[in-house]
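Tertiary structure, described
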Amino acid sequence: MTRADHDIRTPVVIAGAGPAGLAAASELAHHGIRSVVVEPRRHVSHLRPRAKTTSARTMELFRRWGVADAVRAAAPLSPRWNRRVVFCETLAGGAITEFRDVFGLSAAEDGLAAESGQQVAQPVVEEVLREHLRSTGLAELRLGERLRGFTEQPAGVTCEVVRADGSTYRLDADYLLGCDGGRSAVRDGMGAVLRGSSAPDANLNAVIRAPGLRPAAGAALHHWVVGTDVPGVVGPLDRDGTWWVSLGGVGGSADTGRAVELIARLAGRPAVELGIDVLSTDPWTPRMMLADRWATGRVFLVGESAHVNPPLGGHGFNTCVGDAVNIGWKLAAALQGWAGPELLASYEVERRGVAERTLASAVRNLRASGPERATTADRIQETKAEEFHSLGLVLGYSYAGSPVIADEDEPRRLDGGSSVQSYVPTTRPGARLPHTWTGPGRALYDDLGRGMTLLRPPGADAAAVAAFAGRAAALGVPLTQVEHPTGTDHLLVRPDQHIAWRGRDLAAADLGRLCGGPQRTAHR
Ligand SMILES: Cc1cc2nc3c(=O)[nH]c(=O)nc-3n(C[C@H](O)[C@H](O)[C@H](O)COP(=O)(O)OP(=O)(O)OC[C@H]3O[C@@H](n4cnc5c(N)ncnc54)[C@H](O)[C@@H]3O)c2cc1C
């Protein structure tokens, strides 16, 4: 290990610059916290597009960092262009059935979210986030480097980083985030284990150029071909003849020639007519796994290092961003001195619940796509709707039951009262603050502070509000106050836009406990 970097100390080291790592660094930067991100991949590869669904919730979180517009500008497909998912025997035939307004692409128009979802390939999002991080001046991206190991002490974490030339150096940090994906070195170093199962066969993804491919059912985001021996899904990456293809169960064996043959069968036309050019193939195995432990005192697993789910439904990358925001603001609060000891511990409690619920939905979606898949319109509608309409899951998840969320007497519901498919806005503690517009193009979210925000109902008792603000100041909790014109309760909203407490009597809000503080024990 060289000595030159020995004394480098940074508040947070992030291992991995996939969606989880980039989002974690973005959230930390949003709170003015520096981080060092180590990532072996120097460049983002557009030939492995992987996630294409950026959910309405992720777009809201991107809006919070000021990058939603940049993501939309970089995306070749606008959310208005197309909102269909089509099922067909082959691409040469008409639709057996279709789903409309899929993936939350009209969530903002429908008044449910401040941002609609966006179809955009993961590498495009990663590039926008890399650029955003550079512009903050707060995150240092060390590309071509990887974390080899770490040791955790009560006062910090010492990381061993390997450069591209094989030399190593040491980085000291207050905290380490393991955003290093399914094969996480951080998880291994923590002694945690992924538990769950994998599908028996790998699927094969491909990126192709096929300008001659014109599905008979018309333009759609996904064309699910269910009438061939090897089923598949085909979708546009742009409007210029570049497509992604996913072929079921053949990832272990298919070479490029076989991929062309199978794609031609999906198309229902001879390969020569289509002029297919396979740009890449990428085998992947659906996995359903959760780490048995997500955190030690100063080390946290974020994203696929903690949970891996089949991508059906398009939640994988989005849950990674949700994890990153959750741990990011809490680390910022700890580093800024206003977090009590329970706040960091609440990360695993809150996000494990979301991961379990998401995994259960993804597994149902996977089953509905297997050998027993539906091929008739009614059965497809019955078994696949949850995959394309999941705003309840995306917007409705709740952190009720967390030690830093006020406990109301009603039964706790991690679904916040929403089913997977339909979102029901609620101000129950734990839920995401329901979105409202406060002016043309201006969302209530845009007025929230970076710390805690108190939303006051009209006519709130000024003395009670002043007393609450005094308590926040005494605890060092940054507090923004906003009038909530349509509210009847006070709402205390966290930096991640989730409601920590609601009520008429502000004196009853135990702010210290809601920030993970020791008052909690005093009240038990
Ligand atoms: C075919 C397919 C389709 C998908 N479709 C969707 C979709 O539509 N919607 C959706 O939400 N999700 C989808 N996903 C899931 C999504 O791609 C993943 O959930 C997401 O990439 C996980 O992000 P991550 O940052 O946790 O991990 P990764 O993306 O795996 O990133 C981990 C990073 O860590 C780096 N790394 C590894 N080891 C080290 C180390 N020792 N030190 C430092 N860095 C290290 C890696 O180079 C990598 O960049 C899909 C996945 C697949 C396979």
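So, here is what we can say about the structure in this document. (Residues numbered from 1 in each chain as written. Predicted model: local features only at pLDDT ≥ 70, side-chain atom pairs only at ≥ 80, totals over all residues. Heavy atoms only, no water.)

Points about empty space enclosed by the protein
Enumeration over the complete set of coordinates arrives at seven cavities of 30 Å³ or more. Taken as a whole, the largest cavity encloses approximately 160 Å³ of empty space. In this structure, the largest cavity is lined by 14 residues; those nearest its centre are Asn318, Thr319, Leu393, Val394 and Tyr397. Listed by contribution, the elements that provide at least two residues to the lining of the largest cavity are α2 (56–65), α8 (316–336), α9 (341–367) and α11 (391–396). The residue makeup of the lining of the largest cavity, split by class, is five nonpolar, seven polar and two charged. (1 Å grid on protein atoms, 1.4 Å probe; cavity = no way out; pocket = protein on both sides within 12 Å on 5 of 7 lines; lining within 4 Å. Points joined across faces, edges and corners; volume = space filled by probe spheres on them. Helix = DSSP H or I, 4+ residues; strand = E, 2+ residues; numbered from the N terminus. Nonpolar A, V, L, I, M, F, W, Y, C, P; charged D, E, K, R; others polar.)

Description of the packing of aromatic side chains
Applying the stated criterion across every chain, the model contains twelve aromatic pairs. Relative to Phe99, the ring of Phe87 lies with its centre 5.9 Å away and its plane at 65°, an arrangement referred to as edge-to-face. Residue Phe87 is found in strand β4 (residues 85–88), and its partner Phe99 is found in strand β5 (residues 95–99); the two are separated by twelve residues along the sequence. The class for Phe87 is buried, based on a relative accessible area of 2%. Aromatic side chains Phe300 and Tyr347 sit 6.1 Å apart centroid to centroid with 80° between the ring planes, which places their arrangement in the edge-to-face category. Placement of Phe300 in strand β18 (residues 299–301) and of Tyr347 in helix α9 is noted, with a sequence separation of 47 residues between them. Assigned by exposure class, Phe300 and Tyr347 land together as buried. Here a set of aromatic residues connected by ring pairs shows up, and it is made of Phe87, Phe99, Phe103, Trp224 and Phe388. Cation over ring: Lys52 sits above Trp244, and NZ or CZ is 4.3 Å from the ring centre. Above the ring of Tyr175, the side-chain terminus of Arg298 is found at 5.2 Å from the ring centroid. (Phe/Tyr/Trp six-rings, centres within 6.5 Å; stacked < 30°, edge-to-face > 60°. Buried < 20%, exposed > 50% of the residue type's maximum accessible area, 1.4 Å probe, protein only. Lys NZ or Arg CZ within 6 Å of the ring centre and 35° of its normal.)

Some details on unusual backbone geometry
Even without being a glycine, Arg50 presents a positive backbone phi close to 45°. You can see Arg50 is positioned in the loop between β2 (35–39) and β3 (53–54).

Focus: the sheet that holds strand β11 (residues 194–198)
Strand order in the open sheet made by the three strands is β11-β17-β19, with antiparallel pairing throughout. If you trace the sheet from one side to the other, it starts and ends with β11 and β19 (307–308), each paired once. Bridge count between β11 and strand β17 (residues 287–291): five bridges; the pairing is antiparallel. Within β17, the residue paired with Ser198 across the bridge is Arg287. In this fold α9 packs onto β17 and β19, with an angle of close to 165° to the strand it touches most, β17. (Pairing = 2+ DSSP bridges. Contact = heavy atoms within 4.5 Å. Axes fitted to C-alpha atoms, helices over the stretch in contact; angles between N-to-C directions.)

Overview of the sheet that holds strand β16 (residues 277–284)
In space, the seven strands of this open sheet follow the order β5-β4-β13-β14-β15-β12-β16, with mixed pairing throughout. In this open sheet, the two strands that pair with only one neighbour each are β5 and β16. On average, each strand axis in the sheet is inclined to that of its neighbour by 20°, with strand direction left out of account. Across five bridges, strand β14 (residues 232–236) lies against strand β15 (residues 242–247) in antiparallel orientation. Pairing of Gly232 across the sheet is with Leu247, part of β15. Packing against the sheet, helix α6 (residues 256–267) makes contact with β12 (203–209), β13 (222–225), β14, β15 and β16, and its axis sits at approximately 95° to β15. The sheet contacts of helix α10 (residues 377–388) involve β4, β5 and β13, and relative to β5 the element is tilted by about 30°.

That's the geometry; what it means functionally is another story.
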